[in-house]
Amino acid sequence: MPLTRWSRGRVTLLGDAAHAMVPALGQGANTAFEDAGELAQLLARQPGVEEALARYDTSRIYRTQIIHARSALQGSRYYEPDVEKFVRGVLEQANADQTAFEDWLYSYTPPVP
Ligand SMILES: Cc1cc2nc3c(=O)[nH]c(=O)nc-3n(C[C@H](O)[C@H](O)[C@H](O)COP(=O)(O)OP(=O)(O)OC[C@H]3O[C@@H](n4cnc5c(N)ncnc54)[C@H](O)[C@@H]3O)c2cc1C
């Protein structure tokens, strides 16, 4: 889930610390540079650090959330269609009730090589 706030007081985040995303779109470094560029401009032009950071959050968070979401969608497409079959296969075991899951977990015997 993307962060909804990056700044508090005189402290803020940028780049992956603010919006780590899967590298499917090749936009992680790009958006980090955009963050840095906008932050520098705002710090130079706003009367105080806190005002600059409030505007920085407003300007950057929505845009990077969209890229973050698009990147996640694009990343999931790389694995289709087999990933859905795989997930369905493992989910049944992973979702078993606690007793059944522990029986499965602790009764493991490694295959004889
Ligand atoms: C496989 C892969 C492919 C990618 N391909 C692309 C691409 O094609 N295009 C693109 O735009 N992006 C791509 N990215 C994403 C991109 O690499 C990142 O989004 C980008 O590097 C983020 O920059 P950053 O400065 O926020 O973080 P980082 O590049 O991670 O920099 C953080 C720095 O802080 C340092 N650090 C950490 N902890 C401390 C500490 N306690 N004290 C001091 N220093 C510390 C780290 O050593 C690091 O140097 C890819 C990522 C991956 C994993």
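Quick note: structure is the one above.
Residues numbered from 1 in each chain as written. Predicted model: local features only at pLDDT ≥ 70, side-chain atom pairs only at ≥ 80, totals over all residues.

A. Seen up close, the overall build of the protein chain. Regarding its fold elements, the protein chain presents 5 helices and 0 strands. For 113 residues, the compact-globule estimate of 2.2 N^0.38 gives 13 Å, and the C-alpha radius of gyration of the protein chain, at 22 Å, exceeds that figure by more than 25%. For the C-alpha atoms alone, the extent of the protein chain along its principal axes is close to 70 × 30 × 25 Å. Out of the 113 residues in the protein chain, the part that is buried amounts to 15%. Long-range pairs, those at least 24 residues apart, make up 57% of the contacts in the protein chain between residues at least 6 apart in sequence. (Helix = DSSP H or I, 4+ residues; strand = E, 2+ residues; numbered from the N terminus. Rg over C-alpha atoms; globule rule 2.2 N^0.38 Å. Buried ≥ 20, exposed ≤ 12 C-beta atoms within 10 Å, placed from the backbone. Contact = placed C-beta atoms within 7 Å.)

B. Quick look at the site of the ligand. The immediate surroundings of the ligand are formed by G15, D16, A17, P23, G26, Q27, G28, A29, N30 and A32. Among the elements of the structure, α1 (16-19) and α2 (28-45) are those that each provide at least two residues to the shell around the ligand. Among the elements that make up the shell around the ligand, the one with the highest residue count is α2 (4 residues). Residue composition of the shell around the ligand, by class: 4 nonpolar, 5 polar and 1 charged. (Near = placed C-beta within 6 Å. Nonpolar A, V, L, I, M, F, W, Y, C, P; charged D, E, K, R; others polar.)

C. Here's a closer look at the nonpolar core. Listed in full, the 7 residues of the largest apolar core are W6, L14, A18, L39, A52, L53 and Y56. Tallying contributions element by element places helix α3 (residues 49-79) first for this core, with 3 residues. Aside from chain neighbours lying at most four places away, what touches L14 is A32, D35, A36 and L39. (Core = buried A, V, L, I, M, F, W, Y, C linked by C-beta atoms within 7 Å.)

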